[in-house]
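Secondary and tertiary structure notes
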Amino acid sequence: MPATLLPPAAFLAAWAFLAMNVLTPGPNVLNTIALAIGSGRRAALGAALGTGLSITLWCLGMVLGVAALLVTVPATRLVMTLVATGLLIWFASRYLRRAASGLVARRRGQAPAPEAKRGLSARAGMLRAMSIMLMNPKALTTWLTMTAVFPVDRAGPWDVAILCVGACLVAGAIHAVYAVAFSTPAAGRAFMRAAPWINLGVGLFFAGFAATLAGTLLRHI
């Protein structure tokens, strides 16, 4: 196997950003928890597999498409960094608002568990997760940002392969942990009570990423 062209830090930054996005409460996370509660661990682990496979498809489609665009129009890198900075600011503000509203709801005693999805097999759970992920606007904005966080214009075939395999493993592993950990209604309710603090941490994380990208923009001015 030939050596990769990019340093490990490039992959770690991209996977860290992806992990924070996958970790936070959203359609796919709530679907995995609901399957664990209603249909059991097997269906929820099927959903974890489906999430990992869908992430791989998003990775290949976005990274290869953007790489081709950057070869054709090199100035696109600056534009995409600007777009990614704006998206990260939007992500940060959205999660901080969710944290604030969640803490208010928690003070009022409103911390519902996700609605259970009952009677699904592992295959059905996998297909359900894939359909949610492939049609999720959050996934599109996440991967638009990822193409600026990860140096797509300098990536070779092995870099793209390593990025996508790692992304699949990161997303699948996080959802597998959810599938195992949140297999009871009590665990689901505990997760929902912790959701505001998770959102707060992720909002601050995305704000830091936005500041880092903004710094790279300023260096190009």
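First things first, this report covers the structure right here in the doc. (Residues numbered from 1 in each chain as written. Predicted model: local features only at pLDDT ≥ 70, side-chain atom pairs only at ≥ 80, totals over all residues. Heavy atoms only, no water.)

Quick word on the overall build of the chain
Short version of the rule: Where helices and strands are cited, they refer to DSSP runs of H or I of at least four residues and of E of at least two residues respectively, numbered from the N terminus. Each residue is assigned to one of three classes by its accessible area relative to the maximum for its type, calculated with a 1.4 Å probe on protein chains only: buried under 20%, partly exposed between the two thresholds, exposed over 50%. Whether two residues are in contact is decided by their heavy atoms: any pair within 4.5 Å suffices. Using the Shrake-Rupley algorithm and a 1.4 Å probe, accessible areas are obtained, with residue cover drawn only from the displayed protein chains.
Counting its regular elements, the chain contains 8 helices and 0 strands. When the helices and strands of the chain are placed in sequence order, the string is α-α-α-α-α-α-α-α. Burial analysis of the chain (221 residues in total) assigns 47% to the buried set. Sequence separation of 24 or more characterises 91% of the internal contacts of the chain that already satisfy a separation of 6 or more. If you sum the accessible surface of the chain, you get close to 10500 Å²; carbon and sulfur atoms cover 72% of it.

Observations regarding the nonpolar core
The condition that has to hold: Here, nonpolar core means buried Ala, Val, Leu, Ile, Met, Phe, Trp, Tyr and Cys residues that are tied together by side-chain atoms lying within 4.5 Å of each other.
Of all hydrophobic cores here, the largest spans 46 residues; its most connected members are L88, W143, F150, L163 and F206. Secondary-structure elements contributing two or more residues to this core are α1 (8-23), α2 (27-38), α3 (41-72), α4 (76-107), α6 (137-149), α7 (157-181) and α8 (185-220). Here L88 is in contact with F17, T145, F206, F209, A210 and L213, once residues within four sequence places are set aside. One finds L35, A36, A44 and A179 within the second-largest nonpolar core, a separate group that totals 6 residues.

Description of the state of the cysteines
Heads up, the condition is: Only a pair of cysteine sulfur atoms within 2.5 Å counts as a disulfide in this structure description.
Considering all chains together, one arrives at 1 disulfide under this definition. Each disulfide pairs two cysteine sulfurs, and for C59 the partner residue is C164, the sulfurs being separated by 2.3 Å. Here the S-S torsion is close to -85 degrees, and the disulfide linking C59 with C164 is therefore left-handed. Highlighted residues: C59 in helix α3 and C164 in helix α7, separated in sequence by 105 residues. Here the two residues C59 and C164 agree in accessibility, since each one is buried. Not part of a disulfide, C168 finds its nearest cysteine sulfur in C164, a span of 9.4 Å.

Some points on the side chain of T51
Its place among the elements puts T51 in helix α3. A residue is classified by how much of its surface remains accessible, and T51, at 0% relative accessible area, is buried. What T51 contacts, discounting residues up to four positions off in sequence, is N28, A129, M133, A171 and H175.

Focus: a nonpolar patch on the surface
In plain terms, the rule: Note on patches: the residues involved have over 30% relative accessible area and no salt bridge, like charges join within 9 Å, and the nonpolar side chains Val, Leu, Ile, Met, Phe, Trp and Tyr join within 5 Å. Salt bridge, as used here, is a side-chain nitrogen of Lys or Arg placed within 4 Å of a carboxyl oxygen of Asp or Glu.
The grouping of L57, L134 and M135 at the surface amounts to a nonpolar patch, some 320 Å² of accessible area in total. Relative to the elements of secondary structure, L57 occurs in helix α3. Using a relative accessible area of 47% as the deciding quantity, one classes L57 as partly exposed.

A word on the packing of aromatic side chains
Applicable threshold: Any Phe, Tyr or Trp ring, taking Trp's six-membered ring, that has another such ring centre within 6.5 Å forms a pair; planes under 30 degrees apart are called stacked, those over 60 apart edge-to-face, and the others tilted. Ring-over charges, as used throughout, are those where CZ of Arg or NZ of Lys falls within 6 Å of the ring centre and within 35 degrees of the ring normal.
Evaluation of the coordinates by the stated rule reveals 3 aromatic pairs. Seen in terms of ring centroids, F11 and W15 are 5.7 Å apart; in terms of plane orientation they differ by 35 degrees. Their pairing is tilted. Taken together, the residues span about one helical turn, with F11 and W15 both in helix α1 at a distance of 4 residues. Judged by its relative accessible area of 5%, F11 is buried. With a relative accessible area of 19%, W15 lands in the buried category. A centroid spacing of 5.4 Å and a plane angle of 55 degrees characterise the contact between F11 and F150, whose relative ring orientation is tilted. Residue F11 is found in helix α1, and its partner F150 is found in the loop between α6 and α7; the two are separated by 139 residues along the sequence. Grouped by ring-pair contacts, the aromatic residues F11, W15 and F150 constitute a single cluster. Above the ring of W90, the side-chain terminus of R94 is found at 4.7 Å from the ring centroid.

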